[in-house]
Amino acid sequence: MTGLVACAPVLATAGARGTPRRRNGRTRVRGQDDGKRLGAAELGAELGERATLVQFSSAFCAPCRATRRVLGEVAGMVPGVTHVEIDAEAHLDLVRRLDILRTPTVLVLDADGRIVRRAAGRPRRADVIAALGEAV
């Protein structure tokens, strides 16, 4: 809980400035995906009690390893948040349905599985925490 309290200024600042956008191999963030929802059956894992960080990865993606580390740290820091990694190549139907164009792509889901934020590219920890602020 102290991690979330310490991140409150980051959440407030990120919300006031809008969504982060970085280009050329960096993070690109979008808002909600028209109310799309994902369930445990599609993810192959249970949703987090408060939020779920879904990472689409591929086998030879170097930024995917760094993203896995960042998302794992944030999920461990914020109670009720789960990190689920999906192999994009093994789940092409889901990739197409969600319009995943590159790896890593991260979806932030609320407790009901609704996509509240998405980002393509390696995210910064502060950006992930800010996105969680919309989900919890």
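Read on for a plain summary of the structure. (Residues numbered from 1 in each chain as written. Predicted model: local features only at pLDDT ≥ 70, side-chain atom pairs only at ≥ 80, totals over all residues. Heavy atoms only, no water.)

## What about the pairing of strand E2 (residues 51-57)?
Worth spelling out the cut-off: Relative accessibility thresholds used throughout: buried, under 20% of the residue-type maximum; exposed, over 50%; partly exposed, between the two (1.4 Å probe, protein chains only). A run of DSSP states H or I qualifies as a helix once it reaches four residues; a run of E qualifies as a strand once it reaches two. Both are numbered from the N-terminal end. Should DSSP find at least two bridges between two strands, the strands are regarded as paired. By convention, orient the strands away from the viewer: a clockwise path from the first strand over the helix to the second makes the crossover right-handed.
The buried fraction of E2 amounts to seven of the seven residues, a majority that puts the element mostly inside the structure. Neither face of E2 is left uncovered, since the one carrying Ala 51, Leu 53, Gln 55 and Ser 57 and the one carrying Thr 52, Val 54 and Phe 56 both have all their residues buried. Bridge count between E2 and strand E3 (residues 81-87): seven bridges; the pairing is parallel. Each bridged residue has a counterpart across the sheet, and for Leu 53 the counterpart in E3 is His 83. In this region the chain leaves E2, passes through helix H4 (residues 62-77) and returns to the parallel neighbour E3; the handedness of that crossover is right-handed. Pairing of E2 with strand E4 (residues 105-110) involves six bridges; the strand directions are antiparallel. Bridging from a neighbouring strand, Leu 53 pairs with Val 108 of E4.

## Thoughts on the environment of Thr 67
What counts is decided by this rule: Here a residue-residue contact requires only that any non-hydrogen atoms of the pair lie within 4.5 Å.
Its location among the elements puts Thr 67 in helix H4. Placed 38 residues apart in sequence, Thr 67 and Thr 105 show a C-alpha to C-alpha distance of 9.1 Å. Non-local contacts of Thr 67, meaning those with residues more than four positions away in its chain, are made with Gln 55, Pro 104, Val 106, Gly 121, Arg 122 and Pro 123.

## Examining the pairing of strand E5 (residues 115-120)
Of all six residues in E5, six are buried; the element is thus mostly enclosed. Note that E4 and E5 share five bridges and pair antiparallel. Along E5, the bridge assignment pairs Leu 109 with Ile 115.

## Considerations on unusual backbone geometry
Cis rather than trans, the peptide bond between Thr 103 and Pro 104 has omega equal to -5 degrees. Turning to its location among the elements, Pro 104 is positioned in the loop between helix H5 (92-97) and E4. One non-glycine residue, Asp 99, adopts positive backbone phi at about 60 degrees. Along the chain, Asp 99 falls in the loop between H5 and E4.

## Regarding the nonpolar core
In summary, soluble globular proteins display a tendency toward joint burial of nonpolar side chains. We count it as follows: Only buried residues count toward a nonpolar core, which is a set of Ala, Val, Leu, Ile, Met, Phe, Trp, Tyr and Cys residues joined through side-chain atoms within 4.5 Å.
Leu 53, Val 74, Val 81, Val 108, Val 128 and Leu 132 are the most contacted members of the largest nonpolar core, which has 16 residues in total. Mapped by element, the contributors of at least two residues to this core are E2, H4, E4 and helix H6 (125-135). Sort the elements by how many residues they give to this core and H6 lands first, with five residues. Residues contacting Val 108, with those up to four places away along its chain left out, are Thr 52, Leu 53, Arg 114, Ile 115, Val 116, Arg 117, Ala 131, Leu 132 and Ala 135. By size, the runner-up hydrophobic cluster in this structure holds 14 residues, among which are Val 84, Ile 86, Leu 94 and Leu 98.

## Re H4
Note the following rule: Given a helix with a known number of residues, its expected span is that number minus one, times 1.5 Å. The directions considered for the arc run from the helix axis to the C-beta atoms.
The end-to-end C-alpha distance of H4, which contains 16 residues, comes to 24 Å, matching closely the 22 Å that a straight helix rising 1.5 Å per residue would cover. When H4 is considered as a whole, its buried residues turn out to be Cys 64, Ala 66, Thr 67, Val 70, Leu 71, Val 74 and Ala 75. The buried residues of H4 occupy an angular sector of 165 degrees when the element is viewed end-on, so they sit on one face. Facing away from the buried surface of H4 by more than 90 degrees, the exposed residues are Arg 69 and Gly 76. In this structure, the buried side of H4 is in contact with E2, E3, E4 and H6.

## Side note on the environment of Pro 104
On the basis of relative accessibility, which here comes to 1%, the residue Pro 104 falls in the buried class. Sequence spacing of Pro 104 and Arg 68 is 36 residues, and the spatial spacing of their C-alpha atoms is 9.1 Å. Aside from chain neighbours lying at most four places away, what touches Pro 104 is Gln 55, Phe 56, Cys 61, Pro 63, Cys 64, Thr 67, Ala 119, Ala 120, Gly 121 and Arg 122.

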